[in-house]
Amino acid sequence: MPTMKLRDIPSAGMRWKNLPGDFYRTTQLGDMEVGFTSLPFTVDCTQTYKEGGLAGGVCGCPHYGYVIKGKIRCVYPGTGMPDDVAGEGEVYYFPSGHVLIYEEPTDAVEFNPAAALQDLMNGMDRAMERRTAAAEDQEANKT
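All figures in this text were calculated on a predicted structure; none of them were measured in a lab.

Overview of the pairing of strand β5 (residues 71-75)
The two faces of β5 differ: Ile72 and Cys74 on one face are buried, but Lys71, Arg73 and Val75 on the other face are not. Bridge analysis of β5 against strand β6 (residues 84-87) gives 4 bridges, and the strand direction is antiparallel. Residue pairing for β6: Cys74 is matched across the bridge by Asp84. Relative to strand β8 (residues 99-102), β5 runs antiparallel, the two being bridged by 4 bridges.

Now the structure itself:
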């Protein structure tokens with residue numbers, strides 16, 4: 001089985017070109033996708049999931065992970081299910097049908113079904129592409 005250190009996981013930008021920064025690193029090992037998220041700021045993924053065209057505006061990928069530092073809130077819109085919150089030193093499982101909110105700067109490692117994560121990340125890439133195009137249009141209309 002292949003092994004690697006978190007710092008050696010390739011940047012997601014090598015696969016999903018429109019993701020900003022180097023805040024997410026990911027690689028496929030077998031049928032799982034191993035990801036390392038390192039966010040120096042807070043992030044609410046609600047609008048991004050909608051803009052990315054994800055069904056129902058929610059993530060369809062179940063996430064299994066460990067929070068190294070920070071806090072992740074998992075919201076289940078329209079279900080009546082209570083939020084799940086994973087904090088520093090906690091392992092988590094967030095089933096599909098959620099929205100993630102990184103409430104603090106966060107470092108987390110995740111293990112996800114590869115096909116489901118790739119669908120999610122393609123949606124994230126579409127959202128970033130749309131935002132870039134909208135910003136370029138807005139800039140062009142200024143002149």
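Still more to cover.
Things to note about the sheet that holds strand β4 (residues 63-69)
The antiparallel open sheet is built from 5 strands, whose spatial order is β1-β2-β9-β4-β7. Of all the strands in the sheet, just β1 (24-29) and β7 (91-94) have a single pairing partner and so form its edges. Direction aside, the axes of adjacent strands within the sheet are offset by 20° on average. Each of β1, β2 (32-39), β4 and β9 (106-113) is contacted by helix α2 (residues 114-142), which is oriented at about 125° to β9, the strand it contacts most.

A look at the environment of Met124
When you line up the elements, Met124 lands in helix α2. Sequence-wise, Met124 and Glu136 are 12 residues apart; in three dimensions their C-alpha atoms are separated by 18 Å.

Rules behind the numbers
Residues numbered from 1 in each chain as written. Predicted model: local features only at pLDDT ≥ 70, side-chain atom pairs only at ≥ 80, totals over all residues. Heavy atoms only, no water. Buried < 20%, exposed > 50% of the residue type's maximum accessible area, 1.4 Å probe, protein only. Helix = DSSP H or I, 4+ residues; strand = E, 2+ residues; numbered from the N terminus. Pairing = 2+ DSSP bridges. Axes fitted to C-alpha atoms, helices over the stretch in contact; angles between N-to-C directions. Contact = heavy atoms within 4.5 Å.

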